[in-house]
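Structure at a glance
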There are 2 protein chains.
Amino acid sequence: MGINAVFEALSHPVRRRILALLKDGPLSAGELAGHFDLTKPTLSVHFNKLRDAELVAVERRGTSLIYHLNTSILEEALAGLLSLKDPET
Amino acid sequence: MGINAVFEALSHPVRRRILALLKDGPLSAGELAGHFDLTKPTLSVHFNKLRDAELVAVERRGTSLIYHLNTSILEEALAGLLSLKDPET
DNA sequence: GCTTTATTTAGATGTTTCTCTAATTAGAGT
DNA sequence: ACTCTAATTAGAGAAACATCTAAATAAAGC
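Before going into details, it helps to say that this report is about the structure given with it. (Residues numbered from 1 in each chain as written. Chains lettered and ligands numbered in written order. Predicted model: local features only at pLDDT ≥ 70, side-chain atom pairs only at ≥ 80, totals over all residues. Heavy atoms only, no water.)

1. What to know about the relation of the copies chain A and chain B
You can overlay chain A on chain B at an RMSD of 0.0 Å; the transform is a turn of 180 degrees with a shift of 0.0 Å along its axis. Viewed as a symmetry operation, the transformation between the two copies matches a two-fold axis. Measuring from the rotation axis to each C-alpha of chain A, the shortest distance belongs to Ser11 of chain A, at 2.9 Å. (Least-squares fit on C-alpha atoms with pLDDT ≥ 70 in both.)

2. What about the interface of chain A and chain B?
Listed by partner, the interface residues are 25 residues for chain A and 25 residues for chain B. With both sides pooled, the region where chain A packs onto chain B buries about 2200 Å², and carbon together with sulfur makes up 69% of that total. A per-residue breakdown of the area chain A buries against chain B is headed by Lys23, Leu84 and Lys85 of chain A, which together make up 29% of the total. Between chain A and chain B we count two salt bridges in total. The shortest N-O distance in the salt bridge between Lys85 of chain B and Glu75 of chain A comes to 3.7 Å. Summed over the shared surface of chain A and chain B, the number is four residue pairs in polar contact (both at pLDDT 80 or more). Secondary structure elements with two or more residues in the side of chain A that touches chain B: helix H1 (3–10), helix H2 (13–22) and helix H5 (71–83) of chain A. The leading source of residues in the side of chain A that touches chain B is H5 of chain A, at eight residues. (Contact = heavy atoms within 4.5 Å. Buried area = accessible area lost by both parts, 1.4 Å probe. Salt bridge = Lys/Arg side-chain N within 4 Å of Asp/Glu carboxyl O. Polar contact = N/O pair within 3.5 Å; in protein donor to acceptor, adjacent residues only side chain to side chain. Helix = DSSP H or I, 4+ residues; strand = E, 2+ residues; numbered from the N terminus.)

3. A closer look at the sheet that holds strand S3 (residues 64–69) of chain B
Residue and element names in this part refer to chain B. In spatial order, the strands read S1-S3-S2; together these three strands make up an open sheet with antiparallel pairing. On the outer flanks of this sheet lie strand S1 (27–28) and strand S2 (56–61), each paired with one strand and no other. Summarising the sheet, S2 and S3 pair through six bridges and their orientation is antiparallel. Looking at the pairing, Val58 lines up with Tyr67 of S3. The strands touched by helix H2 (residues 13–22) are S1, S2 and S3; relative to S3, the strand with the most contacts, the crossing angle is about 90 degrees. (Pairing = 2+ DSSP bridges. Axes fitted to C-alpha atoms, helices over the stretch in contact; angles between N-to-C directions.)

See below:
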């Protein structure tokens with residue numbers, strides 16, 4: 001979906017906090033939802049945006065969906081930001 | 001205005017391109033507008049968001065407004081992204 | 001196969017975003 | 001003061017976003 005979707009996904013504080021939670025290891029949708037004062041459907045929409053941007057990957061374990069961070073796309077975003085700053089790119 | 005406004009500002013491709021143009025040196029509002037197929041009022045709105053986020057600073061020279069990049073806020077955004085990835089933060 | 005648990009998709013609503021045209025402000029020069 | 005140039009603010013419309021409740025899907029266990 002491209003770098004556009006990545007920066008779009010990063011623009012919402014809830015989604016950045018989701019990524020921060022996943023930094024320490026994979027978590028299920030329900031475990032993630034427990035950290036927010038939002039309904040599960042609302043969180044599910046945020047998960048979708050993160051997945052569309054490929055910032056997270058999802059894997060099913062039984063009835064649960066386990067989300068985990070995709071660091072390589074985070075690096076792409078980092079590179080994108082760096083390129084706004086460094087003359088050589 | 002905080003890191004929120006910064007990521008919000010970075011979420012639009014036109015605004016990221018504005019920053020990329022300013023990377024090589026300050027430009028006036030009109031010079032920047034010349035790089036886009038958008039009206040000047042539209043660009044002006046984008047300039048405002050970048051200024052609110054303090055990603056750019058503006059200075060008047062005669063009738064022109066000169067925009068230039070604020071690299072320190074870009075670094076804050078970089079740090080914010082890094083903190084989503086590194087365990088130690 | 002029915003029930004339970006986990007999560008998502010669908011539909012609705014209010015808010016925000018992006019873009020345009022038209023009108024306004026600000027400074028410079030005559 | 002008037003005019004010209006540069007850029008902005010104001011107002012309007014369409015599209016996208018964030019959130020909720022209610023309904024649907026998927027896997028597991030009895």
